[in-house]
Structure formats: C-alpha cells, structure tokens
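Architecture and fold: a report
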Amino acid sequence: MARLFGYVDVTDSGFIAAVLSIAFNPLFWNVVARWEHKTRALSRVFGSPRAACYCLGAVILMLNCVRSHCFTEAMKSQPKLEGLDCHWAYYLGLAVLAVGTLFVISSFLALGFTGTFLGDYFGILMEAKVTSFPFSVLDNPMYWGSTAVYLGWSLMHASPAGLLLTAVVAISYTIAMLYEGPFTEEIYRQKQKGVKNK
C-alpha cells in the first residue's frame, strides 16, 4: 500500500474530485432514502412511491456516471505502475471487471428497479428475501460487484490511483452496508409484525 502512495498524487484536484464523488454517492442515497422513509415527502411530491423511487433511481444512476467519469479521469491524470503495465494484468483486470459486471447485472435482474434503488424505503417491499444468484453466493453482490468493476478497470489501466480509489469505493460501500443492512431488516421486521397483527 505504501508503494501505491509513491505513485499517487492525492492532492491532485481530479483525485480529490473522485474521492468526493465516491464518498458522496452512498451518503446521498442513504440520507434521501431515510428521509423519504420518515416523511414520505418525495412520494407526495411525485404523486406515488413508485414514481418517487424511479426518480431517485435516475438521480443515483446519473451520480454513478459522474463518479465513474471522475474515477477514470483521476486514473488518466496519474502515472501508471510499470509492474502492472503488461498483458497478464490487463487480462486479469478484464476478468475481474467481467465478474463484477455479472454480479451487478444479475443483482439488478434479481431485485428489479425498485429493489435495486431503495424501493423498500418508499414502502415498495419485496414479498420475500431474494436468495437466488448472486445473493446465493455472497451478501451485497451489487456493492461488491461494483467494487470489482473498479478494481478490474484499475488493473486494465495499470493505475495505482485507480487501485487506491477502489479501496475508497470498498470502504464507502462497507460503511453504507453497516447503515443500510440493519435499517432494511427493521423495515421488513415491521412488515412481518404488521402481517401478524392482522
């Protein structure tokens, strides 16, 4: 890790923009989704929980595009690591990126749009916990798949800055999971409680 810092200018404005966009995204969607769960304000503004969830999902997708752009620009503006600037590292990165993409897409297909984009915070609840692939392989496959995509992209570009930013992605997602997991479980616990009381 210390060797990576020798190749990365963490004071570069592009690198800082990438770090900020990586940290901002999960903070934004967690704050907005919890606010919606508490107030139902977005559902009222957009006329329904489903319309509000789709709008938040569109904003999250746009923010993810900005994050990916900042990540790529930060990698391009920093030097490459000679030891990774070779065919085997490129193809390893491509394989990691492909696996990450598989986890992201299969997670989306298993959850649907509202399941992916915090529909449960809008009161749009799944009938049961999703246990099919990729959830049968690991918890939070969307987050780990996204992290793998960034790791693969970094390896393909032989980028120490990308590897460091991938660590920031992993840390940001880990913190998000610590907040989202228990909160989502409580939403479904309340649902079960309501069903039992009927």
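Presented here is an overview of the structure given in this document. (Residues numbered from 1 in each chain as written. Predicted model: local features only at pLDDT ≥ 70, side-chain atom pairs only at ≥ 80, totals over all residues. Heavy atoms only, no water.)

1. Section: a nonpolar patch on the surface
A cluster of nonpolar side chains, namely Ile171, Ile175, Leu178 and Tyr179, defines an oily patch on the protein surface of about 440 Å² accessible area. Within the secondary structure layout, Ile175 lies in helix 7 (residues 160-197). Looking at Ile175, the relative accessible area reads 44%, which means it is partly exposed. (Patch = residues over 30% accessible without salt bridge, like charges linked within 9 Å, V, L, I, M, F, W, Y side chains within 5 Å. Areas by Shrake-Rupley, 256 points an atom, 1.4 Å probe, with all protein chains shown as cover. Salt bridge = Lys/Arg side-chain N within 4 Å of Asp/Glu carboxyl O. Helix = DSSP H or I, 4+ residues; strand = E, 2+ residues; numbered from the N terminus. Buried < 20%, exposed > 50% of the residue type's maximum accessible area, 1.4 Å probe, protein only.)

2. Here we look at the side chain of Asn30
Here Asn30 lies in helix 2 (residues 13-39). Here the side chain of Asn30 touches Pro26 through a polar contact of 2.9 Å, landing on its backbone oxygen. Once residues lying within four places of it in the same chain are set aside, the contact partners of Asn30 are Tyr121, Ala176 and Glu180. (Polar contact = N/O pair within 3.5 Å; in protein donor to acceptor, adjacent residues only side chain to side chain. Contact = heavy atoms within 4.5 Å.)

3. Points about the pattern of salt bridges
Throughout the structure, instances matching the rule amount to 2 salt bridges. The partner of Glu73 in a salt bridge is Lys76, and the shortest N-O contact between them spans 3.2 Å. Linking Glu73 with Lys76, this pair stays in helix 4 (residues 49-76), spanning 3 residues, or about one helical turn.

4. What to know about the packing of aromatic side chains
One pass over the structure, following the stated rule, counts 10 aromatic pairs. Ring centres of Phe113 and Phe117 lie 4.7 Å apart, and the angle between their planes is 45°; this geometry places the pair in the tilted category. Here Phe117 falls in the buried class, since its relative accessible area comes to 8%. Among the aromatic side chains, those forming a connected cluster through ring pairs are Tyr54, Phe108, Phe113 and Phe117. Stacked on the ring of Phe183, the Lys or Arg Arg34 has its end atom at 4.1 Å from the ring centre. (Phe/Tyr/Trp six-rings, centres within 6.5 Å; stacked < 30°, edge-to-face > 60°. Lys NZ or Arg CZ within 6 Å of the ring centre and 35° of its normal.)

5. Focus: the nonpolar core
Leu118, Phe122 and Leu165 are the most contacted members of the largest nonpolar core, which has 32 residues in total. Residues within four places of Leu118 in sequence aside, it is in contact with Trp29, Ala33, Cys53, Leu56 and Ile60. Judged by nonpolar contacts, the second largest core, of 6 residues, contains Leu81, Leu84, Ala158 and Leu163. (Core = buried A, V, L, I, M, F, W, Y, C linked by side-chain atoms within 4.5 Å.)

6. Side note on the packing of helix 5 (residues 87-116) against helix 6 (residues 141-156)
In helix packing, the relevant descriptors are the interaxial angle and the interaxial distance, both defined with respect to the helix axes. Packing of helix 5 against helix 6 brings their axes to within 7 Å, and their N-to-C directions diverge by 155°. What the angle tells us is that helix 5 and helix 6 run roughly antiparallel. Helix 6 is crossed by helix 5, and the crossing has left-handed handedness. Of the residues contributing to the contact of helix 5 with helix 6, the split by class is 17 nonpolar, 8 polar and no charged. (Axes fitted to C-alpha atoms, helices over the stretch in contact; angles between N-to-C directions. Parallel < 35°, antiparallel > 145°, perpendicular 65-115°, else oblique. Left-handed = near helix turned anticlockwise from the far one by under 90°. Nonpolar A, V, L, I, M, F, W, Y, C, P; charged D, E, K, R; others polar.)

7. So, helix 6
For helix 6, built from 16 residues, the straight-helix expectation of 22 Å at 1.5 Å per residue is met to within 8% by its first-to-last C-alpha distance of 22 Å. Just downstream of helix 6, Ala158 is the residue with a positive phi angle, here 50°. (Expected span 1.5 Å × (residues − 1).)

8. Some details on helix 5
Every α-helix winds through 3.6 residues per turn, so residues three or four apart in the chain are directed the same way. Look at helix 5: only 35 Å from first C-alpha to last across 30 residues, short of the 44 Å you get at 1.5 Å a residue. At Ala110, helix 5 shows its largest bend, some 75°. By the burial criterion, the buried members of helix 5 are Ala89, Gly93, Leu97, Gly100, Phe103, Ser106, Ser107, Phe113, Thr114 and Thr116. Against the buried residues of helix 5 lie helix 4 and helix 6. (Bend = angle between axes of the 7 residues up to and from the residue.)

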